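So you can see what is in the structure, the chains are spelled out below.
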Amino acid sequence: MITHSKIVAMRKRIAKVLLVLLLAVSVVSAVAYAQRRGGGGFGGGGRGGFGGGRGDGMRFGGGFIPHGGPRPFSGTRPPGIPNFSDHDGHPNAPHVHWNGGWIGHNWGRNDNRFHLDRPWAYGRFPGYFGPSHLYRLDGGGPSRFRFGGFFFSVAPFEYDLCSDWLWDSDDIVVYNDPDHDGWYLAYNVRLGRYVHVEYLGGA
């Protein structure tokens, strides 16, 4: 015969088991959410990472999306071949820190490589800019790629900076380039890196 005290004891055991299960689910959910929002991992390579133990502000990639594009550049670009690897584990490619710093956007308005005889030759990009909209790449390559019915091309001198992009599945965000007429910035969410792109029109 089951007594009242045995029923109370069973309820307490069930409550403990349920509590443990609830805690386990909460921990797993928290870890999954952190990774989705930019956990990324350490080091460089294809994932985002930390930069020399300087805290989350120097982190890059891993799903982070900048709140806004870069500010207009007003200084003088350092001479020589650029090195974008500003901290240990950061890529030698233009990238964005979690604190909003756009590393590598220091070419200035008068850099001849960005000169276009006909800026916005195919019109201005009519889609959404910034973090309000993710676009999924759905085919092509650096010279001509597409997403959402729009076509773009990467600046030819930056082809090597996007050699590891997944042209049929990466998510990107488009930002205005405040310094170079006719160019936009395509930010790869997975890698935390960006390249200059030109709009080629819609489908």
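So, a few notes on the structure that sits alongside this text.

Definitions and limits used
- Residues numbered from 1 in each chain as written.
- Predicted model: local features only at pLDDT ≥ 70, side-chain atom pairs only at ≥ 80, totals over all residues.
- Heavy atoms only, no water.
- Helix = DSSP H or I, 4+ residues; strand = E, 2+ residues; numbered from the N terminus.
- Buried < 20%, exposed > 50% of the residue type's maximum accessible area, 1.4 Å probe, protein only.
- Contact = heavy atoms within 4.5 Å.
- Areas by Shrake-Rupley, 256 points an atom, 1.4 Å probe, with all protein chains shown as cover.
- Pairing = 2+ DSSP bridges.
- Core = buried A, V, L, I, M, F, W, Y, C linked by side-chain atoms within 4.5 Å.
- Salt bridge = Lys/Arg side-chain N within 4 Å of Asp/Glu carboxyl O.

1. Side note on the overall build of the protein chain
Then, number 1: Counting secondary structure elements, the protein chain contains one helix and nine strands.
Then, number 2: Secondary structure elements in the protein chain, listed N-terminal to C-terminal, are α-β-β-β-β-β-β-β-β-β.
Then, number 3: Here the protein chain holds 203 residues, and 40% of them are scored as buried.
Then, number 4: Counting only contacts in the protein chain whose residues sit at least 6 apart along the sequence, the fraction spanning at least 24 positions is 64%.
Then, number 5: When the accessible surface of the protein chain is summed, it comes to about 11,700 Å², and 58% of that surface belongs to carbon and sulfur atoms.

2. Focus on the pairing of strand β8 (residues 184–188)
Then, number 1: Where burial is concerned, most of β8 is hidden: five out of the five residues are buried.
Then, number 2: The alternating pattern of β8 places Y184, A186 and N188 and L185 and Y187 on opposite faces, both of which are buried.
Then, number 3: Taken together, the five bridges between strand β7 (residues 171–176) and β8 define a ladder with antiparallel strand orientation. Across the sheet, residue I172 finds its bridge partner in β8, namely N188.
Then, number 4: Pairing between β8 and strand β9 (residues 193–202): five bridges, direction antiparallel. Bridge pairing links Y187 to Y194 in β9.

3. So, the nonpolar core
Then, number 1: Core analysis: the biggest nonpolar cluster contains 21 residues, and F125, F145, F147, F152 and W165 have the highest contact counts within it.
Then, number 2: Elements that contribute at least two residues to this core include exactly β5 (144–147), β6 (150–154), β7, β8 and β9.
Then, number 3: Not counting residues within four places of it along the chain, the set of residues in contact with F125 comprises Y135, F147, F150, F152, V174, Y184 and Y199.

4. A short note on the environment of V197
Then, number 1: Following the sequence through the fold, V197 ends up in strand β9.
Then, number 2: As a C-alpha pair, V197 and Y187 span 10 residues in sequence and 10.0 Å in three-dimensional space.
Then, number 3: Apart from residues no more than four positions distant in its own chain, V197 is found in contact with F145, F152, S153, V154, G182, W183, Y184, L185 and A186.

5. Describing the pattern of salt bridges
Any two side chains of opposite charge can pair, on the condition that their charged atoms come close.
Then, number 1: Counted according to the given criterion, the structure contains five salt bridges.
Then, number 2: In this structure, the salt-bridge partner of D111 is R113, at a minimum N-O distance of 3.3 Å.
Then, number 3: The exposure class assigned to D111 is buried, which follows from its relative accessible area of 15%.
Then, number 4: By relative accessible area, R113 is classed as partly exposed at 33%.
Then, number 5: Residue D170 pairs with R190 through a salt bridge whose shortest N-O separation is 2.7 Å. One end of the pair, D170, is in the loop between β6 and β7; the other, R190, is in the loop between β8 and β9, and 20 residues separate them in sequence.

6. Re unusual backbone geometry
Then, number 1: Of note, the phi angle at W120 is positive, near 55°, even though the residue is not glycine.
Then, number 2: As for its position among the elements, W120 is in the loop between β2 (102–103) and β3 (135–136).
Then, number 3: The class of W120 is partly exposed, set by a relative accessible area of 24%.

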